[in-house]
Amino acid sequence: MTQTPSNTLLFYLKGVGPARAELLGKELGIKTVYDLVNFFPNRYIDRTRFYKISELQESGAEVQIIGQITSISTEGNNRSTRLKATFTDETGSMELVWFQGIKWIKTALKTNTPYVIFGKANQFKGVFSMPHPEMDLLLDFQKSLQTAMQPVYPSTENLAKKGVSNRVIQTIMQNLFLEFKSRFQETLSKEILDQNHFIDKNTALFQLHFPENQELLKKAQWRMKFEELFFIQLQLLRNNLIRKRKIKGYIFEKVGDYFNNLYEKHIPFSLTNAQKRVIKEIRKDMMRGAQMNRLLQGDVGSGKTIVAVLSAMIAIDNGFQVAIMAPTEILANQHFFSVLELVKNLNIQVRLLTGSTKTKERNEIHEGLISGELHILIGTHALIEDKVKFQNLGLVIIDEQHKFGVEQRSKMWKKNILPPHILVMTATPIPRTLAMTLYGDLDVSIIDELPLGRKEIKTALRFENQRLSVFKFIRDEIVKGHQVYIVYPLIDESETLDFKNLMEGYESVVREFPRPQYQVSIVHGKMKPADKEYEMDLFVKGKTHIMVATTVIEVGVNVPNASLMLIENPEKFGLSQLHQLRGRVGRGANQSYCILMAGYKLTDEAKTRLQTMVETNDGFKIAEVDLKLRGPGNIMGTQQSGIINLKIADIVKDSDLLKMARFTAFDLLKEDPNLEMPKNANIRNTYKDIEANMGIWANIS
Ligand code: ADP
Ligand code: MG
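Residues numbered from 1 in each chain as written. Chains lettered and ligands numbered in written order. Predicted model: local features only at pLDDT ≥ 70, side-chain atom pairs only at ≥ 80, totals over all residues. Heavy atoms only, no water.

Trainee: What is the right way to read the overall build of the protein from this model?
Mentor: When you go through the protein residue by residue, the secondary structure sums to 24 helices and 22 strands. When its C-alpha atoms are laid out on the principal axes, the protein stretches across 100 × 70 × 40 Å. Buried residues in the protein amount to 51% of all 701 residues. Sequence separation of 24 or more characterises 74% of the internal contacts of the protein that already satisfy a separation of 6 or more. (Helix = DSSP H or I, 4+ residues; strand = E, 2+ residues; numbered from the N terminus. Buried < 20%, exposed > 50% of the residue type's maximum accessible area, 1.4 Å probe, protein only. Contact = heavy atoms within 4.5 Å.)

Printed below as a string of structure tokens:
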């Protein structure tokens, strides 16, 4: 068998040996030469110039100097021994200092022999000294692979302890290139290389480890980042293609009376262009003959409900039933009433099924589903119980996707001949670039436009010393007949403490807004679900003026009469959470407000978050800021996906390259969906390797 980079074990590489091979495998997962060459530096030290001792400045920069050791001495007593060497060039002298490994270093150092030293020089009483310099004999330095910039590799404590320093890794890498240079397979096609003026794979790899200069390094990084993103996108898009070919779906060919009637006669407003576009996308998807798997993203209040209901009409027009699932009973209730309102003149049977549906009603519903008399069933996860059997379920609409797992979803279509079309709606905007990687194999529709005339929620940042005027503001809103939310943070780690804050807050609110003039509700996580629903219901019906709550009200609740959202200690919330909370107001005709009652000690990041809230109401803009602040790994839903563990590219910083990679992959698959064309042989081979070796991309979605 010929030795190729991917089948040659590290062990065989010069300078590695069994012990180091095992250590590198354990610490960094590097097993083959291929793994090693794909272990990239995370920074570089520019060693393009040499300094003279007389030129040294106390700048903290790392510098390299050529000179000789003229004398060596050991100083201090037992506990604080230091090794000192005087280092001299033609312009002056300085000190080199060691605190550890003294014995060994002392015997290794050669006097009156030219060295290249490298490190940070500090000034002490007018003399420069460099602690623990990196040292090479000038002769060795000149013999080594001549590269101007030094790679610095990621390391671990264990590696450092066992003597596998950056220098050691560099040497191993050097050996790798001496042995395998130019034997790395090109992964991209000539077409893509030419179109984008990319450098070839072998040059890119070499320049990435041993850059000759900044410009070549940049070119190498550019190409390698593209390659990484390209193959992810290729795989995501291809999975989507394959799924569409494999998973057949019902064909809703007709747009009939239900849809047309609702569309033309019974919508009390005109749809936004974004709503129209999205409905078209969904319609097209449901007549393709493949199962629809679509994510509908739209900011709070962007009007997702009507899109869902119109989609339901298409299913019903084609003789199918529809299920709408919500994460909580309150939300299911609200959906039920808003759907009823929209379809009331259309002779459509809609029922609600939740945990509190009585047995008698439940039985009626079961019968109506089986006979096909029932058109739309709305509910909580009660919908996925085994007893719930549809005659012909054609479309499932899931609101607030993060609450329902994929597993639960598929439970619903076990009873079907074909899987129903799936529309998942989410009000948590995800930046487009992140969506491209996270949901790259789903189809995504975005409502990026709010209905005309929607008023911005005026948002203000306030501090404790302004509390009296804030309370007055609340009173004024209540006098106008409006309702108010006051939200306290509840964070897992210090739940008891937060709970105390909440109760104290509640008491002070009740003191400030006494009964019977004011009625105050409270909802928090420690209450029984039934009590929660009861209190919520009082507020929904307008029987209480103020709702004191923890974030349990975050999702979906609709009380159009609420016009003020006061958030206590908003610095403890994440941006998307703040945005969701704010979205609880501004749902009616009234001008609405959000007051952020901040603590005094704000970190810079917290300030940015709060300022962003004050400046914009746009959920997508907020999501972009959130992504920049926290990085992709911390955005909801990304942790499990593994997709964010990129080797070299960065979703935030390389977003343009990501888009380019996606378009390139898209065009390629359009022309050659099975990667069969001879010109795409490199891509096909790499793709197969990735599929075979790194299943990590296989289980996303
Ligand atoms: P969300 O996307 O948050 O679920 P909804 O569907 O609940 O938003 O819609 C929010 C409000 O906006 C509802 O009262 C709805 O009737 C209204 N609405 C939806 N679309 C439009 C539109 N095109 N023009 C005016 N109002 C609309
Ligand atoms: Mg909604």
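Trainee: How should I be thinking about the site of ligand 1 in this particular structure?
Mentor: Residues in close proximity to ligand 1 total 15 residues, the closest being Gln-275, Gly-301, Lys-304, Thr-305 and Arg-454. Gly-303 has a polar backbone atom sitting 3.1 Å from an oxygen atom of ligand 1. A distance of 2.8 Å separates an oxygen atom of ligand 1 from a polar atom in the side chain of Lys-304. A total of 560 Å² of accessible area belongs to ligand 1 in isolation, and the protein chains cover 73% of it. (Near = heavy atom within 4 Å. Polar contact = N/O pair within 3.5 Å; in protein donor to acceptor, adjacent residues only side chain to side chain. Areas by Shrake-Rupley, 256 points an atom, 1.4 Å probe, with all protein chains shown as cover.)

Trainee: Looking at this structure, I do not really get the packing of helix H20 (residues 575–582) against helix H21 (residues 604–615). What am I missing?
Mentor: Two quantities define a packed helix pair, namely the angle between the helix axes and the distance between the axes. The contact between H20 and H21 brings their axes to 10 Å, and the two run at 30°. Remark: the crossing between H20 and H21 carries right-handed chirality. Here Leu-575, Leu-578, His-579 and Arg-582 of H20 come into contact with H21, specifically with Arg-609, Leu-610, Thr-612 and Met-613. Across the contact of H20 with H21, the residue classes break down as four nonpolar, two polar and two charged. (Axes fitted to C-alpha atoms, helices over the stretch in contact; angles between N-to-C directions. Left-handed = near helix turned anticlockwise from the far one by under 90°. Nonpolar A, V, L, I, M, F, W, Y, C, P; charged D, E, K, R; others polar.)

Trainee: How should the packing of aromatic side chains be read in this particular structure?
Mentor: When we look at a pair of aromatic rings, we describe it by the centre distance and by the angle of the planes. Summed over the entire model, instances satisfying the criterion amount to 18 aromatic pairs. An angle of 20° between the planes, with centres 5.6 Å apart, marks the rings of Phe-39 and Tyr-153 as stacked. Within this pair, whereas Phe-39 is found in the loop between helix H2 (33–37) and strand E1 (43–46), its partner Tyr-153 is found in the loop between strand E9 (149–152) and helix H5 (157–161), the two being separated by 114 residues in sequence. You'll find Phe-39 and Tyr-153 in the same group, each marked buried. Where Phe-50 meets Phe-141, the ring centres are 6.1 Å apart and the plane angle is 75°; that geometry is what we call edge-to-face. (Phe/Tyr/Trp six-rings, centres within 6.5 Å; stacked < 30°, edge-to-face > 60°.)

Trainee: Before we go on, may I ask you to explain the sheet that holds strand E15 (residues 421–426) in this structure?
Mentor: Two strands in a sheet stick together by hydrogen bonds in their backbones, pointing the same way (parallel) or opposite ways (antiparallel). Taken together, seven strands build an open sheet; the order of strands is E12-E13-E11-E14-E15-E10-E16 and the sheet is parallel. One side of each edge strand has no neighbouring strand; the edge strands of this open sheet are strand E12 (350–353) and strand E16 (443–447). Direction aside, neighbouring strands of the sheet carry axes that sit 20° apart on average. Bridge count between strand E11 (residues 321–325) and strand E14 (residues 393–399): five bridges; the pairing is parallel. Across the sheet, Gln-321 pairs through a bridge with Leu-393, a residue of E14. Strands E11, E12, strand E13 (376–379) and E14 of the sheet are contacted by helix H13 (residues 329–343), whose axis makes an angle of about 175° with E12. (Pairing = 2+ DSSP bridges.)

Trainee: Quick question: what am I supposed to make of the side chain of Asp-443 here?
Mentor: Structurally, Asp-443 is set in strand E16. Not counting chain neighbours up to four residues away, the residues in contact with Asp-443 comprise Asn-240, Lys-244, Asp-285, Asn-293, Arg-294 and Leu-295.

Trainee: What am I meant to see in empty space enclosed by the protein here?
Mentor: Rolling a probe over the atoms, with the probe sized like a water molecule, indicates the empty space that remains. Under the criterion given, the structure shown has two cavities of 30 Å³ or more. Roughly 50 Å³ of volume is contained in the largest cavity. In terms of lining residues, the largest cavity is bounded by Ala-427, Thr-428, Pro-429, Ser-576, His-579, Gln-580, Gly-619, Ile-622 and Ala-623. Looking at the lining of the largest cavity, the elements that each hand over two or more residues are H20 and helix H22 (619–630). For the lining of the largest cavity, the residue count by class is four nonpolar, five polar and no charged. Mapping the lining of the largest cavity onto the domain boundaries places at least three of its residues in each of domain 3 (257–447) and domain 4 (458–616). Lining the second largest cavity are Thr-305, Ala-308, Val-309, Ile-324, His-335, Val-339 and Met-425. Broken down by secondary-structure element, the contributors of at least two residues to the lining of the second largest cavity are helix H12 (304–317) and H13. Ranked by the residues each element gives to the lining of the second largest cavity, the list is headed by H12, at three residues. (1 Å grid on protein atoms, 1.4 Å probe; cavity = no way out; pocket = protein on both sides within 12 Å on 5 of 7 lines; lining within 4 Å. Points joined across faces, edges and corners; volume = space filled by probe spheres on them. Domains from an automatic or database assignment.)

Trainee: In this structure, what is going on with unusual backbone geometry? I would like to understand it.
Mentor: Working note: non-glycine residues mostly have negative phi, and peptide bonds are mostly trans. Omega for the bond connecting Arg-515 with Pro-516 falls within 30 degrees of zero, at 0°, which places this linkage in the cis form. Inspection of the secondary structure assignment puts Pro-516 in the loop between helix H18 (495–512) and strand E19 (520–523). Phi is positive for His-132, close to 40°, though the residue is something other than glycine. Inspection of the secondary structure assignment puts His-132 in the loop between strand E7 (127–131) and strand E8 (134–137). On the basis of relative accessible area, His-132 is assigned to the partly exposed category, the value being 37%. Positive phi values are uncommon outside glycine, yet Asn-347 reaches one of about 60°. By the element assignment, Asn-347 lies in the loop between H13 and E12. Residue class for Asn-347 comes out exposed when judged on its relative accessible area of 60%.

Trainee: Whenever I open this one, the pairing of strand E4 (residues 92–98) confuses me. Can you help?
Mentor: Two faces, one strand: in a regular strand the side chains alternate between the faces of the sheet. The pairing of strand E3 (residues 82–89) with E4 spans seven bridges and is antiparallel. Across the sheet, residue Lys-84 finds its bridge partner in E4, namely Val-97. Taken together, E3 and the strand that follows it, E4, pair antiparallel across an intervening segment of two residues. Here E4 pairs with E7 via three bridges, running parallel. By the bridge assignment, Leu-96 is partnered in E7 with Met-130.

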